[in-house]
Amino acid sequence: MRRGAPCAATTLFALALGADLARAHNGYGIAPIYSEPFGLIVSDGLTPIVLRWTAREAHPEQWYRIKAQQSDFPPTPSPPSRMRLGQELTRLPAEHLEYAVTVDPSALPTGAWRLYAEFDEPPSCVELEQVPALFVVRRDGDPPPFGVIVGEPLLDSPIVDERATIAIEAISAEPLSVTIEAGEIVRDPDFPPLTLCVEFTWSETLEVVRDVPLVADDIAGPDRWRAELDWDTRAVPDGAYLLRVTARQDSGATQTIWARRWINVEHAVVADPGPEAGPEAVEPDPSEPDASAPDPSEGAVEVESIDARDGSNDDTGCGAGAGVGPLALVAIAAALAGSRRRARTGRSRRPGRSAAAGSSSR
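It should be emphasised that the depicted structure is a prediction, and the values quoted were computed from it without experimental measurement.

A. Broad picture of empty space enclosed by the protein. For the structure on display, the rule yields 2 cavities of 30 Å³ or more. Put simply, the largest cavity is a space of about 50 Å³. Considering the residues around the largest cavity, the lining is formed by Asp-72, Arg-114, Gln-130, Val-131, Pro-132, Ala-133, Ile-149, Val-150, Leu-154, Trp-258 and Arg-260. Residue composition of the lining of the largest cavity, by class: 7 nonpolar, 1 polar and 3 charged.

B. Seen up close, the packing of aromatic side chains. The tally for this structure, following the rule as stated, stands at 7 aromatic pairs. One aromatic cluster is present, built from ring pairs that chain together Tyr-34, Trp-53, Tyr-64, Tyr-99 and Phe-119.

C. The arrangement of the layout of surface pockets in detail. Of the volumes computed, that of the largest pocket is approximately 420 Å³. The wall of the largest pocket is formed by 20 residues, among which Pro-32, Glu-129, Gln-130, Arg-260 and Arg-261 lie closest to the centre. Elements represented by at least two residues in the lining of the largest pocket include exactly β1 (33-36) and β8 (125-130). In terms of residues, the lining of the largest pocket owes the most to one element, β8, which gives 3 residues. For the lining of the largest pocket, the residue count by class is 13 nonpolar, 3 polar and 4 charged.

D. Here's a closer look at the pattern of salt bridges. Throughout the structure, instances matching the rule amount to 18 salt bridges. A salt bridge links Asp-72 to Arg-260; the nearest nitrogen and oxygen atoms lie 3.3 Å apart. Linking Asp-72 in the loop between β4 (59-69) and β5 (87-94) with Arg-260 in the loop between β18 (254-258) and β19 (263-265), this pair joins segments that are 188 residues apart in sequence. According to the relative accessible area criterion, Arg-260 is buried, its value standing at 9%. Ionic pairing is found between Arg-82 and Asp-188, a salt bridge with its closest N-O pair at 3.0 Å. Here Arg-82 is found in the loop between β4 and β5, whereas its partner Asp-188 is found in the loop between β13 (176-187) and β14 (200-213), with 106 residues between them in sequence. On the basis of relative accessible area, Asp-188 is assigned to the buried category, the value being 1%. Several salt bridges converge on common partners, so that one network encompasses Arg-65, Lys-67, Glu-118 and Asp-120.

E. Molecular detail of the sheet that holds β1. Pairing in this open sheet of 3 strands is antiparallel, and the strands run β1-β3-β6 from one edge to the other. Two strands in the sheet have a free side with no partner beyond their single neighbour: β1 and β6 (98-103). This sheet shows a mean twist of 30 degrees between the axes of neighbouring strands, independent of strand direction. Where strand β3 (residues 49-54) and β6 come together, 6 bridges link them in antiparallel fashion.

F. Highlighting the state of the cysteines. On inspection of all chains with the given rule, the structure shows 1 disulfide. Through a disulfide, Cys-125 is tied to Cys-197; the S-S separation comes to 1.9 Å. Looking along the S-S bond of the Cys-125-Cys-197 disulfide, the torsion reads about -95 degrees, which is the left-handed sense. On the criterion of sequence distance, the pair formed by Cys-125 in strand β8 and Cys-197 in the loop between β13 and β14 is long-range, its members being 72 residues apart. Of the two residues examined, Cys-125 and Cys-197, each falls in the buried class.

G. Examining the side chain of Arg-65 more closely. Tracing the sequence through the fold places Arg-65 in strand β4. A polar contact of 2.8 Å, which involves the side chain of Arg-65, links it to the side chain of Glu-118. Only 3.2 Å separates the side chain of Arg-65 from the side chain of Asp-120, close enough to count as a polar contact. When neighbours within four sequence positions are excluded, Arg-65 is seen to be in contact with Glu-88, Thr-90, Arg-91, Tyr-116, Ala-117, Glu-118, Phe-119, Asp-120 and Val-126.

H. Representation of unusual backbone geometry in the model. Following Glu-36, the chain continues to Pro-37 via a peptide bond in cis, the omega torsion being 0 degrees. Among the secondary structure elements, Pro-37 is positioned in the loop between β1 and β2 (39-43). Note that the residue after Glu-152, namely Pro-153, is joined by a cis bond; omega there is 0 degrees. Relative to the helices and strands, Pro-153 resides in the loop between β10 (147-152) and β11 (159-160). Not every positive phi belongs to a glycine, and Asp-211 is a case in point at roughly 55 degrees. When you line up the elements, Asp-211 lands in strand β14. Located in the positive-phi region is Asp-223, a residue other than glycine, with phi close to 65 degrees. In this fold, Asp-223 is placed in the loop between β15 (215-216) and β16 (224-232).

Calculation notes
- Residues numbered from 1 in each chain as written.
- Predicted model: local features only at pLDDT ≥ 70, side-chain atom pairs only at ≥ 80, totals over all residues.
- Heavy atoms only, no water.
- 1 Å grid on protein atoms, 1.4 Å probe; cavity = no way out; pocket = protein on both sides within 12 Å on 5 of 7 lines; lining within 4 Å.
- Points joined across faces, edges and corners; volume = space filled by probe spheres on them.
- Nonpolar A, V, L, I, M, F, W, Y, C, P; charged D, E, K, R; others polar.
- Phe/Tyr/Trp six-rings, centres within 6.5 Å; stacked < 30°, edge-to-face > 60°.
- Helix = DSSP H or I, 4+ residues; strand = E, 2+ residues; numbered from the N terminus.
- Salt bridge = Lys/Arg side-chain N within 4 Å of Asp/Glu carboxyl O.
- Buried < 20%, exposed > 50% of the residue type's maximum accessible area, 1.4 Å probe, protein only.
- Pairing = 2+ DSSP bridges.
- Axes fitted to C-alpha atoms, helices over the stretch in contact; angles between N-to-C directions.
- Disulfide = S-S within 2.5 Å.
- Polar contact = N/O pair within 3.5 Å; in protein donor to acceptor, adjacent residues only side chain to side chain.
- Contact = heavy atoms within 4.5 Å.

It is worth stressing that arrangement in space is one thing and function is another; only the former is reported here.
Structure below.
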């Protein structure tokens, strides 16, 4: 078989496999795309919470399970099962493309809560999509809970070259500091192999800052803290980075959370201007022949030598054709013409629709 045939077959196989994988992931297309709310939200526990989102598809036989938990997990559809600790607040069928869901927080005690939708991806996967907000329930007389959220990036994943803006928001009864690391999502090494579904976790790539203190944010309210910094990305390799934040109160209590969006580092590529003419460069004299121009007689000899090749060095791979001479092109054209004639002859022998009615078709 020619080497070109396996190349074409491999390409078709890859395209078919890619289509199957695209259909398999989020096969029902019901993953929530949240439009409200965002950021750090303080509630007395009595006011209902309204979640708004859209979905790409509607499937009434599927269900959203809205859950809440105080700990965080990285923004992958399938975080490790050990990080899924939520209690169910409500559930509803995935029968619409737009949703405005009212959640009653009265069952939640004072604390900083993360809400997410849990839903099934056939045939047996479970996926999670977290609301990009931190819901702080603080009832009258209770001390402020300890909660942290990455306020930027939160809505979009920015593309940066030299610097990236990072904002941290927190509620705390005492001062605190943060250590920020950048990493990526990888397959969870603790997840068993050879399973239908795969769980993913976060892996560190580099440290961004260490022990940066937050400052009081009096504008946001009492017991509120904030830090905003510029990450110098000039020496950071190109790639998508997900931030993990470890917050530590002065008393020693810690909390680990992740950003909900990535930071994409893409450095500008400077084009090579190529060699430049030096000061000794001299303009050519149009009355003199160009010494760099090829000799016509030498070109004729080269063409003749190409025609005389025996084809032993021809490349028959995916990039074949670069070394084929004129006579070979004529032969290929003749062969193609013959194959087209044979194909037309073969089609002319096909039975008509009435004769083929009883046979199966592909």
